[in-house]
Amino acid sequence: MAAKRKKGGIGEAPNLDLLPVMALMTVLIPILLSMASFQKLAVVEINMPERSMMDAGSPPPEVDDQALNLSVAVGKDYLEIWARGGSLPKIFADEIIEYRCQTGDNFRYHPRYQMRYINQEASTGGHKWVQDKSFSGGPAACLDGTPIPETYAKGEKRVAQIEAILMVARSTEGANSEEEVFGDYNRLLRSVYNSSDSAYVDGNLEFFTSLSQIKVGMNVQTLRENSVRKIGSATAANTDDIHSVYEDWRSAYDMLAKELSGIHNRFVEMPDAENIIVFAGDEIPFDKIIQVMDAARESGFANIQLAKLGG
Amino acid sequence: MPRKARKYGGGGDDLNITSLMDAMTIILVFLLKNLDAEGNLLTQADNLRLPSSSSQKTIQEVLLTVVVDNNHVLVDNTPVIETDLVVQQDSLFIAPMVEALQAKREEEKMAALASGGDADSKGSVIVQLDKMTSYDVMYKTMASCGFSGYGNVRFAVLQRNAE
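Residues numbered from 1 in each chain as written. Chains lettered and ligands numbered in written order. Predicted model: local features only at pLDDT ≥ 70, side-chain atom pairs only at ≥ 80, totals over all residues.

A. How the structure looks around the overall build of chain B. Of regular secondary structure, chain B possesses five helices and six strands. For chain B, the proportion of contacts with a sequence separation of at least 24, taken over those separated by at least 6, is 66%. (Helix = DSSP H or I, 4+ residues; strand = E, 2+ residues; numbered from the N terminus. Contact = placed C-beta atoms within 7 Å.)

In structure tokens, the structure reads:
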């Protein structure tokens, strides 16, 4: 330091040569950028039953009638909660598949009605899915008309990828049979979601059904505990921006989460209040199981076990 | 502009890069802060699309991974059986997979014994499944893992943005 001061002299600012440092930075920044992970990986744990090989052949342990014995059955178009040997009304749902084609088109296909929906606000990051009138029905096809096969032969090039499978809940109000529930297009439910895709509910844990119900200044919450927040015109602490709120199909997983958190709160003193068994059929995709497990975990069920449905 | 030109013109040799340095330093610090201390413990297998989940549990350690994609079942990056064969079989236990896993488990036990660890503890395995994998294949994979002594089965997922 002393030497530097002497060299610099009085009133003469030393001219630092920053170029080598710059060169170092230009190298460091790309390296760090390439190392940064933008998509974080996480894990989902499941509980394997503790049964040794010795008793693999013996019958499973007796079921305790006094316990909650909560389980969720996952079917192709329904979710059903069982507890204490009885079941709650099924949550009926339609599958809507979100595809991304090789050409980059992103759309939703509704197999039951052979309808296609496109996102009008995709360029701005919004969610406004409207029916694509140019699609005349039939099997799923990309926007340029290329049909999407249901299965691919080995090594065959994929036309489109499935981005997500939505389980859109159906209203069962006043319906006497399954046919009636699935017979009416208007039974498909709508909900209002925030920017992190959580459904809003009011003080009585009822879902909102239309975007017009959301007004600046009102209090809303999501299905999580202690999630009350205000609707404002800009994002702030405990305030959601009304411009980021959007309306979409109501997910059956949200309905499930709502039912499950109700059950969890009611039976919290039960010895097996943390346990849940997820049943599913052979053909159910892994994605659905993970979504159901998410709903269960968020509702307070930490011990998730898996079992097979039927057969 | 003319004033600026007058000021810096002529000399030409001294480009003032201090402000650029400032910007770079900020970017560098930001990137360093964002960088995970653990780094990437698990790399996502190719042609595999993991489901997204709200799970906040991050991967602590990886000893063994099982990957099931559309074509093969891989244990520790070595293909052991074709996925189609897994779908067709009736038995819950995927024989070649159990074989490979049991061999791995033995190795782990020997290593645990040699280092004075607990050889009887349950082994843990991370399973990477494509999001369209059927429950049937998932169940068989799980059963095979459990049967081979890997009681802690974890499924890799993509973390969804938390609220």
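B. Examining the overall build of chain A more closely. Each helix and strand in chain A was counted, giving five helices and 16 strands. By residue count, 23% of the 311 residues in chain A fall in the buried class. Within chain A, contacts between residues separated by at least 24 positions form 54% of all contacts whose residues are at least 6 apart in sequence. (Buried ≥ 20, exposed ≤ 12 C-beta atoms within 10 Å, placed from the backbone.)

C. Spotlight on the pairing of strand β5 (residues 91–101) of chain A. Residues and elements named next belong to chain A. Bridge count between strand β3 (residues 78–83) and β5: two bridges; the pairing is antiparallel. Looking at β5, one finds that L79 is bridged to I91. Direction of pairing for β5 relative to strand β9 (residues 160–169): antiparallel, over a ladder of nine bridges. Paired with I97 across the two strands is I165, which belongs to β9. Here four bridges tie β5 to strand β6 (residues 106–110), and the two strands are oriented antiparallel to one another. (Pairing = 2+ DSSP bridges.)

D. Helix α2 (residues 19–35) of chain A, seen in detail. With 17 residues, α2(A) ought to run about 24 Å at 1.5 Å a step, and its terminal C-alpha atoms sit 25 Å apart, in line with that. Taken across its 17 residues, α2(A) has zero buried, putting it largely on the surface. (Expected span 1.5 Å × (residues − 1).)

E. Here's a closer look at the domain arrangement of chain B. Once the domains are mapped, chain B shows domain 1 (2–34) and domain 2 (52–159). Averaged C-alpha coordinates put domain 1 of chain B and domain 2 of chain B at centres separated by 53 Å. (Domains from an automatic or database assignment.)

F. Expanded view of the packing of α2(A) against helix α2 (residues 18–34) of chain B. Between α2(A) and α2(B), the least distance of the axes is 10 Å, while the angle of their chain directions is 30°. With respect to each other, α2(A) and α2(B) are oriented roughly parallel. Seen along the crossing, α2(A) lies across α2(B) with a hand that is left-handed. Across the interface between the two elements, V21(A), M22(A), M25(A), L28(A), I29(A), L32(A) and L33(A) of α2(A) pack against L20(B), M21(B), M24(B), I27(B), L28(B), L31(B) and L32(B) of α2(B). Tallied by class, residues from the contact of α2(A) with α2(B) come to 14 nonpolar, no polar and no charged. (Axes fitted to C-alpha atoms, helices over the stretch in contact; angles between N-to-C directions. Parallel < 35°, antiparallel > 145°, perpendicular 65-115°, else oblique. Left-handed = near helix turned anticlockwise from the far one by under 90°. Nonpolar A, V, L, I, M, F, W, Y, C, P; charged D, E, K, R; others polar.)

G. Focus on helix α5 (residues 286–298) of chain A. Residue and element names in this part refer to chain A. Its 13 residues give α5 an end-to-end C-alpha distance of 18 Å, which sits within 8% of 18 Å, the value for a rise of 1.5 Å per residue. Most of α5 sits out of view: twelve of its 13 residues are buried. Within α5 the residues assigned to the buried category are F286, D287, K288, I289, I290, Q291, V292, M293, D294, A295, A296 and R297. Phi turns positive, to about 105°, at G300, one or two residues after α5.

H. A look at the confidence of the model for chain B. Residues and elements named next belong to chain B. Here chain B shows a mean pLDDT of 81. Residues at 70 or above account for 83%. Contacts from residues 1–11, a stretch scored under 50 in pLDDT, to residues over four places away or in other chains number zero contacts. Scored as a complex, the prediction yields pTM 0.81 and ipTM 0.79. (pLDDT = per-residue confidence, 0-100.)

I. Focus on the sheet that holds strand β13 (residues 239–241) of chain A. All names here are of chain A. Sheet architecture is open: three strands sit in the order β11-β12-β13, paired in mixed fashion. The open sheet has two edge strands with one neighbour each: β11 (219–220) and β13. Taken together, the three bridges between strand β12 (residues 229–232) and β13 define a ladder with parallel strand orientation. Across the sheet, I231 pairs through a bridge with D240, a residue of β13.

J. Broad picture of the nonpolar core. Residues and elements named next belong to chain A. Counting residues in hydrophobic clusters, the biggest one holds 72 residues, and the most contacted among them are V72, V74, A252, L256, V278, I289 and V292. Sequence-distant contacts of A252, defined by excluding residues within four places in its chain, comprise L79, I91, A93, M167, V168 and A169. One finds Y99, F107, Y109 and A160 within the second-largest nonpolar core, a separate group that totals five residues. (Core = buried A, V, L, I, M, F, W, Y, C linked by C-beta atoms within 7 Å.)

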